[in-house]
Amino acid sequence: MARKRRKMSTGRKVGIGVVAVVVVVGAIAGVSAAINGNRGNSTNVLNEYLPTPMTTQDLSQMTDQYAFQIAGNVQQGLLSRKADGTPSAGLARSWSHSRDGMTWTFHLRPNLRWSNGDRLTASDFVYGWRRTVDPKTASQYAYIYSGIRNADAINSGRNKNLNSLGISAPDRNTVVVHLEHPMPQFENLMAFPVFFAQDQHFVSRLGKRTGTNSARQVYSGPYRFVGWNGSNNRFRLVPNRHYWNASKVRNDGVNFRVVTDTTASLALFNRGRLDQVTLNTPEQIRRYRNARNLHIYNQARTDYIEYNQTGRIRALNNLHIRQALNLATDRAGVSQAISQGLYTVPTGITPAGLARTQTGRDFSKAAASSTDYRYNISRARRLFEQGMREVGIRNLTLTVEASSESATTKPTLDAIQQTWQQLPGLTVHEKFVPFRQRLQDAINHNFDVLLTAWGADYAEPQTFLNMFVTNGPNNDGSWSNREYDQTIQNASVRYALNDRQRISNEIRSEQILFQQAAVNPIDWMNSPVLSNPRVHGVEYFSSGAPYYYWNAHKTR
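What counts as what
Residues numbered from 1 in each chain as written. Predicted model: local features only at pLDDT ≥ 70, side-chain atom pairs only at ≥ 80, totals over all residues. Heavy atoms only, no water. Helix = DSSP H or I, 4+ residues; strand = E, 2+ residues; numbered from the N terminus. Rg over C-alpha atoms; globule rule 2.2 N^0.38 Å. Areas by Shrake-Rupley, 256 points an atom, 1.4 Å probe, with all protein chains shown as cover. Lys, Arg positive; Asp, Glu negative; His and termini not counted. Charge placed at Lys NZ, Arg CZ, Asp CG, Glu CD. Phe/Tyr/Trp six-rings, centres within 6.5 Å; stacked < 30°, edge-to-face > 60°. Lys NZ or Arg CZ within 6 Å of the ring centre and 35° of its normal. Core = buried A, V, L, I, M, F, W, Y, C linked by side-chain atoms within 4.5 Å. Buried < 20%, exposed > 50% of the residue type's maximum accessible area, 1.4 Å probe, protein only. Pairing = 2+ DSSP bridges. Axes fitted to C-alpha atoms, helices over the stretch in contact; angles between N-to-C directions. Salt bridge = Lys/Arg side-chain N within 4 Å of Asp/Glu carboxyl O. Polar contact = N/O pair within 3.5 Å; in protein donor to acceptor, adjacent residues only side chain to side chain. Contact = heavy atoms within 4.5 Å. Parallel < 35°, antiparallel > 145°, perpendicular 65-115°, else oblique. Left-handed = near helix turned anticlockwise from the far one by under 90°. Nonpolar A, V, L, I, M, F, W, Y, C, P; charged D, E, K, R; others polar.

Student: In this structure, what is going on with the overall build of the chain? I would like to understand it.
Tutor: Per the secondary structure count, the chain includes 17 helices and 21 strands. What you see for the chain is a C-alpha radius of gyration of 23 Å, in line with the 24 Å of a compact globule of 556 residues. Taking the principal axes of the C-alpha coordinates as reference, the chain spans close to 70 × 60 × 45 Å. Of the roughly 20600 Å² of accessible surface on the chain, a fraction of 45% belongs to carbon and sulfur atoms. Distance between charge centroids for the chain: 4 Å, based on 65 positive and 40 negative side chains.

Student: In this structure, what is going on with the packing of aromatic side chains? I would like to understand it.
Tutor: Between two aromatic rings, the relevant description is the distance of the centres plus the angle of the planes. Taken as a whole and assessed by the stated rule, the structure comprises 26 aromatic pairs. Of the aromatic side chains, those joined through ring pairs into one cluster are Phe225, Trp228, Phe235, Phe256, Tyr297, Tyr540, Tyr547 and Tyr549. Of note, Arg81 hangs over the ring of Phe541, and the distance from its end group to the ring centre comes to 3.9 Å.

Student: Explain the nonpolar core to me, please; I cannot follow it from the model alone.
Tutor: Taken as a class, soluble globular proteins show a tendency for nonpolar side chains to be buried jointly. By size, the foremost hydrophobic cluster in this structure holds 101 residues, and its most contacted members are Phe106, Phe125, Trp129, Ile144, Ile148, Val177 and Phe195. Leu316, Leu325, Val334 and Val391 belong to the second largest nonpolar core, which has 34 residues in total.

Student: Please clarify how the sheet that holds strand β2 (residues 46–50) should be interpreted in this entry.
Tutor: Pairing between the strands of a sheet comes from backbone hydrogen bonds, and it takes one of two forms, parallel or antiparallel. The sheet built from four strands is open, its strands ordered β2-β11-β10-β9 with mixed pairing. Of all the strands in the sheet, the pair left with one neighbour each is β2 and β9 (223–226). Looking at each pair of strands side by side, their axes are set apart by 25° on average, direction ignored. Here β2 runs beside strand β11 (residues 254–258); their pairing, made up of five bridges, is parallel. Bridging across to β11, Leu46 finds its partner in Val254.

Student: Help me understand the pattern of salt bridges, please; the structure alone is not making it clear to me.
Tutor: It is possible for side chains bearing opposite charge to pair when their charged atoms get close. Tallying each qualifying case throughout the model produces eleven salt bridges. Here the salt bridges share partners, and the residues they tie into one network are Lys410, Asp414 and Glu430.

Student: Honestly, the pairing of strand β17 (residues 519–531) in this entry has me stumped. Any pointers?
Tutor: The side chains of a regular strand alternate, residue by residue, between the two faces of the sheet. Across the 13 residues that make up β17, a large majority, 13, are buried. Sheet topology places strand β12 (residues 276–278) next to β17; three bridges connect them, and they run antiparallel. By the bridge assignment for β17, Val277 is matched with Leu530. Examined bridge by bridge, strand β13 (residues 294–307) and β17 share eleven bridges and lie antiparallel to one another. The residue bridging Tyr297 from the neighbouring strand is Ser527, located in β17.

Student: Please explain the environment of Glu306 as it appears in this structure.
Tutor: Inspection of the secondary structure assignment puts Glu306 in strand β13. Sequence separation of Glu306 and Leu46 is 260 residues, and the distance between their C-alpha atoms is 37 Å. From its side chain, Glu306 meets the backbone nitrogen of Gly477 in a polar contact 3.3 Å long.

Student: Teacher, can you tell me more about the sheet that holds strand β14 (residues 396–403) here?
Tutor: Read across the open sheet, the six strands follow the order β12-β17-β13-β16-β14-β15; overall the sheet is mixed. Two strands lie at the open edges of the sheet, namely β12 and β15 (426–433), each paired on one side alone. Taken over all neighbouring pairs, the strand axes of this sheet differ in orientation by 30° on average, direction set aside.

Student: Sorry, what's going on with helix α16 (residues 482–494) here?
Tutor: A turn of α-helix holds 3.6 residues, and therefore any two residues three or four places apart point the same way. For α16, the full list of buried residues reads Tyr484, Thr487, Ile488, Asn490, Ala491 and Ser492. For α16, the secondary structure elements touched by its buried residues are α15 (462–465) and α17 (499–515). Measuring from the backbone nitrogen of Glu483 back to the side-chain oxygen at the start of α16 gives 3.1 Å, which picks out Asn481 as the cap.

Student: Would you mind showing me how to read the side chain of Lys554 here?
Tutor: Note on placement: Lys554 falls in strand β21 (residues 553–554). Overall, Lys554 belongs to the buried group, its relative accessible area being 11%. A polar contact of 2.9 Å, which involves the side chain of Lys554, links it to the backbone oxygen of Val45.

Student: What exactly am I supposed to notice about the packing of helix α9 (residues 319–327) against helix α12 (residues 377–391) here?
Tutor: The packing of two helices is summarised by the inter-axis angle and the distance between the axes. Running from amino to carboxyl end, α9 crosses α12 at an angle of 160°, the nearest separation of the two axes being 7 Å. Judged by the angle between their axes, α9 and α12 are roughly antiparallel. Note on packing geometry: the crossing formed by α9 with α12 is left-handed. Within the contact between the two elements, α9 uses His320, Ile321, Gln323, Ala324 and Leu327 and α12 uses Ile377, Arg379, Ala380, Leu383, Phe384, Gln386, Gly387, Met388, Glu390 and Val391. Partitioning the contact of α9 with α12 into residue classes produces nine nonpolar, four polar and two charged.

And the structure:
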């Protein structure tokens, strides 16, 4: 996730804890030769897979975790991340900020090059940021620039002057950023692909065709992306000889294939064709749960339901009906059905392990005292009957839409359908569509009820909470609440550097989401991964781009 996952890891401490990050260093020998796999592969090339087709490598247009997974390795930002998730030097060799946290200065490494040999300069960051924020680009991720001077005004169309965006290049190797208010997550965002440089000379010629295949993009990171024609299912990352630190890349590249069938991906791993595989069904988890090369990663991802509150289904604008649907959701049952209980039962939209309060307590536990997402079918029936009377109907049919590629969506919807249809007068239909269509249906509000997902862009609750502000680009259900908008404004702006007040407003935001049944958290996803013990040094992050490959290598 995942819908848009995005994800990025934090290391900055401003009263907020550091997200857990794991380095895959090669497991002990597996339970069997079949589980260990990869016995005959002696090359230093990694073999990976994606569970859905690639969408784009346009940095201004990508929204899903798989696009970010590629981009995080073929591009690099002003900053990068260490194995523990803390910010490190990237294309910028050093950086600093003013005392008030409003002005940031980055000094680029000398003689940077794009993969095609073009000079990479500070102006490429200026161009990339302006392109993403420009409303003509229609980037779904432009909202994440909020807090950078004039970004909101430009993206909304109120300010027509792109040059007024708070980024400048006083010389070839210096980037200066001006903020409208302090942003605790700012350093971490500089390692997130949406903020990476874009080669103006290259991209301006292609326009909307940028990133639609691997040849229609240039790369600033350790690898180049090759072999993708825009629709095929085999492609590669190959070392980028123009990368500033090319000599430190420890492998000969990464082969990718798209494998949408979970049985097929596991079989490929067992035959040595893949170096890691995610277990996606209860049967797979049951079979390999005690395998010595099984790793459990916190994904900082929430699977959740959105209700279409545009008026398309009048009943879903009724608070008591939405509250009833939330109460009729057996989250523990869903977790058991899809993961043998491995996924965590959620107590809010912000997952456990993402961030900490100013006292060091996990944010999700602090927020749980203000929410109560428990399963209570008898109370759900009473509220549903009350809501149906208020709407003036006796029967209601809802279609729940989900991605067809995921092995977990069918058992998830089956479990939800079973409990929801215990509500008097409710009929529930299931609808499965390709991942890309689900993304487009979400954007167009073309659904009744949507099973979707969000993974953290950075390790702070606002990466989840910001989604549900009025008219937010990821508020697919079009829910709106003035008090909620104010609490987010308080946390993001007024109390950005006041840990206690910021976190208090974020907890209140979680409470409002619960009280208004704005969304319905289904699970906090954990990822069970079987890995090849001969592979060492793959770095996994629970937010931002999920994997860095350039430190990985194989042993014989």
